[in-house]
Amino acid sequence: MTRFSKADALHLGILAMLVIAFFVLPTYHVGAVSRIMVLAVYAIGLNLLFGYTGLLSLGHAMFFAAGMYGFGLAIKFMAAPVLLAFVLALIAAAALSLVVGLLALRTAGVAFMIVTLMFAQTAYLVVLYFGEFTRGDEGFVLQQAERLLLGFDVTSETGRYFVAFSVFAICFLGFARLVQTPFGKRLIAIRENEERARMLGYDVGRYKLLALIVSGTISGCAGALYALLFGYVGATFASVQYSILPLLWVLLGGAGTTIGPLIGVMFMFYLIDASSAYTNSYMLIAGLVLVLLTMFAPKGIAGILRLRVMPWLP
Amino acid sequence: MDFGPHLMLATLEGAVIAAILVLTAMGLSIVFGVMRVVNVAHGEFYMLGAVLAWFVTSFLGGHPAIGFVAAILIAPLLVGLIAAAADQLVLKHIDYDPDRTIVGTIGILFIIQQTTLMTFGPEARPVAAPFNQRLALPWFEFTDNGFEMFWPWGLSITSYKLFVIAAALTVLVALWLFLTRTRIGLIMRATQQDSETAQAFGVPVGLVYSCVFGLGAALAALGAVLVVPIQQAHYLMGADPLLLSFIVVIIGGLGSLPGTVIAAILIGMSDGIISVFFSPTLAKIIATFLVAMVLVFRPQGLLGRTST
């Protein structure tokens, strides 16, 4: 069982480092790492579908936005308490993933990518169309008083960091556990050889749908968390760009690895941060990295590590 | 204006949109047909055509017609070369794997778009049309005095818009002749039908792929040069043509060229007519959703023959 304990040690070590980081890093980086952890939750969501099940969705922004708007609108118009709004956000994301899954999973390969892209575009336009409620591109701000989690202020640097850390830790460890379960193994089997998995008697369609629902719900959770911690809800988060970014993070960190999403988000965040001294068109950097990755390193950082140094990497 | 003249005006506007769309969507369709890859950066090649047209015309100065003729020759050629270079550099390297090509062309999309933003700037810039007479159009109606012809106020089209429709038709016929009557066209069709057998018969498939990718991008750029005197050049203008071209290619049946032409005319005309009478956002929502549904339930397209 050494392989499992090594992986567990790695996961717990990463979480411990994130706790230590809060006490040693300067304020600016503490804020950056809380944002990175929220976005890493989003990347974990896409990684389950893309990295483990082999389904490339180009429209995950709709799930992120479902969580974000589910949370934001519940607070704005129903004055719901934070926990209730969070649950509503998760339900919204799960329901959307169920509907999208039932429709989009009838297709495969390139058609699946384009269908998810178009569904996400429809969702984005719907957000703009109902600008009366969503305030469209401009978005709306959630007041500090509306963002009390059980009377606990999440707008302070400390509160924000540890709420982000807790949700990230739950998703990270839960995800690492999930891919070791028979369910996770079956998803990998589908990724490797769908026909064979079907021949062995697994209900491939049902597993793909389940994977998409879990993936969409995790992404929605990230969206709601973003709205809670940063107090802003806007249509930008539903745009194509926010479907492409998680793909970039997962590819960069290593699709189909547990630590890939966090590495990818962190690497990309600081790459853009460093480049912003020279240019403000940061999507240029994203585009370049995307092209170079597809050409030279389709397995990403963690994938290369697994291939060269640490074959036990989960 | 009455409903009749209004509808005629909308139809004419729709015909102009359809003319541009036919060219852009043909580019996407040829690339998909021959190479079996989806080029997500197609809209950026369109945008690049419009931006280069602005550079060429403002560099030459003088009468707008000189700049326009130069732009229509230079811009598609340059864009075609850029696309062929991208094909050689990136797509060839990943062996035209369909999934990785999508991710790679998304990267190319952002590189082209952001480079344009850094050099061309965020402003929308106009290009003067070479000629632009306003032509009033007559309308016929039965009145008490029998069949009468009159000139409703506002019912008009510019000579340039008529030229766009004629130019698109000319290019389409030329493209058809090129594909069916020339040796290069024959080689392209052979590669489309079976690239391995074509390779075995000595067709330089790699070179054909680069040419096809360049040709597809050049068609998009040509459409953009034609549209830029009507609609200004802007670094984000590629998104709508990309979406519309996708819609056209999917409705027309992936890779079927006659299907693409019919679908482009249908979509272009209805887009023109719908956006005159309804909210453009609502029209886009319905169109995008319906096309996704077509792809879900009829992946071979409405006019396609067999599923791929």
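Residues numbered from 1 in each chain as written. Chains lettered and ligands numbered in written order. Predicted model: local features only at pLDDT ≥ 70, side-chain atom pairs only at ≥ 80, totals over all residues.

This part takes up the overall build of chain A. For chain A, the helix and strand inventory stands at 14 helices and 4 strands. Based on the C-alpha atoms only, the size of chain A along its principal axes is roughly 55 × 45 × 40 Å. Evaluated residue by residue, chain A yields a buried proportion of 49% over its 314 residues. When contacts within chain A are restricted to residue pairs at least 6 apart in sequence, those whose partners lie at least 24 apart make up 77%. (Helix = DSSP H or I, 4+ residues; strand = E, 2+ residues; numbered from the N terminus. Buried ≥ 20, exposed ≤ 12 C-beta atoms within 10 Å, placed from the backbone. Contact = placed C-beta atoms within 7 Å.)

Moving on, we come to the overall build of chain B. Of the regular secondary structure elements, chain B holds 11 helices and 4 strands. A compact globule built from 308 residues would reach a C-alpha radius of gyration of about 19 Å, and chain B, at 20 Å, matches this within 12%. Counting across all 308 residues of chain B, residues that qualify as buried make up 45%. (Rg over C-alpha atoms; globule rule 2.2 N^0.38 Å.)

Residues V41(A), A50(B) and A221(B) are the most contacted members of the largest nonpolar core, which totals 197 residues. For V41(A), the contacting residues outside a window of four places in its chain are V167(A), F168(A), C171(A), I218(A), C221(A), A222(A) and L225(A). (Core = buried A, V, L, I, M, F, W, Y, C linked by C-beta atoms within 7 Å.)

The subject of this paragraph is helix α1 (residues 3-35) of chain B. Between the first and last C-alpha of α1(B) there are 46 Å, a value that for 33 residues agrees with the 48 Å anticipated at 1.5 Å per step. Immediately downstream of α1(B), the backbone of R36(B) shows phi near 60°, a positive value. (Expected span 1.5 Å × (residues − 1).)

All names here are of chain A. Looking at the secondary structure, you find L49 in helix α2 (residues 27-52). Look at L49 and you get buried, because 28 C-beta atoms sit within 10 Å. Along the sequence, L49 and V141 sit 92 residues apart, while their C-alpha atoms lie 31 Å from each other. When residues no more than four places from it in sequence are discounted, the contact partners of L49 are L55, S57, A211, L212 and S215.

On the chain B side, the residues contacting the 33 residues of chain A number 33 residues. Those elements that place two or more of their residues in the side of chain A that touches chain B are α4 (82-104), α5 (109-129), α11 (241-253) and α13 (282-296) of chain A. At 14 residues, the largest contribution of residues to the side of chain A that touches chain B is made by α5(A). Classifying every residue of the side of chain A that touches chain B gives 24 nonpolar, 8 polar and 1 charged. (Nonpolar A, V, L, I, M, F, W, Y, C, P; charged D, E, K, R; others polar.)

With respect to the secondary-structure elements, Q114(B) resides in helix α4 (residues 98-120). Separated by 121 residues in sequence, Q114(B) and Y235(B) have C-alpha atoms that sit 8.1 Å apart.

With that out of the way, let us pick up unusual backbone geometry. All names here are of chain B. Non-glycine residue D95 carries a positive phi angle of around 60°. With respect to the element layout, D95 can be found in the loop between α3 (64-91) and α4. Phi angles above zero are rare outside glycine, and Y96 is one such case at about 55°. Here Y96 shows up in the loop between α3 and α4.

On to the confidence of the model for chain B. Confidence in the prediction of chain B, expressed as mean pLDDT, is 84, and 94% of residues score 70 or more. Interface confidence for the predicted complex, expressed as ipTM, amounts to 0.76; the pTM equals 0.81. (pLDDT = per-residue confidence, 0-100.)

Before going further, it helps to spend a moment on the packing of helix α9 (residues 239-251) of chain B against helix α11 (residues 280-297) of chain B. Residue and element names in this part refer to chain B. Packing of α9 against α11 leaves a shortest axis separation of 10 Å and a crossing angle of 35°. For α9 against α11, the interelement crossing comes out left-handed. Across the interface between the two elements, L243, I247, I250 and I251 from α9 touch A287, T288, V291, V294 and L295 from α11. (Axes fitted to C-alpha atoms, helices over the stretch in contact; angles between N-to-C directions. Left-handed = near helix turned anticlockwise from the far one by under 90°.)

All names here are of chain A. Packing of helix α7 (residues 157-178) against helix α10 (residues 204-230) leaves a shortest axis separation of 11 Å and a crossing angle of 175°. Classified by the angle their axes make, α7 and α10 are roughly antiparallel. Across the interface between the two elements, R160, V163, A164, V167 and C171 of α7 pack against I218, C221, L225 and L229 of α10. Its residues assigned to classes, the contact of α7 with α10 comprises 8 nonpolar, no polar and 1 charged. (Parallel < 35°, antiparallel > 145°, perpendicular 65-115°, else oblique.)

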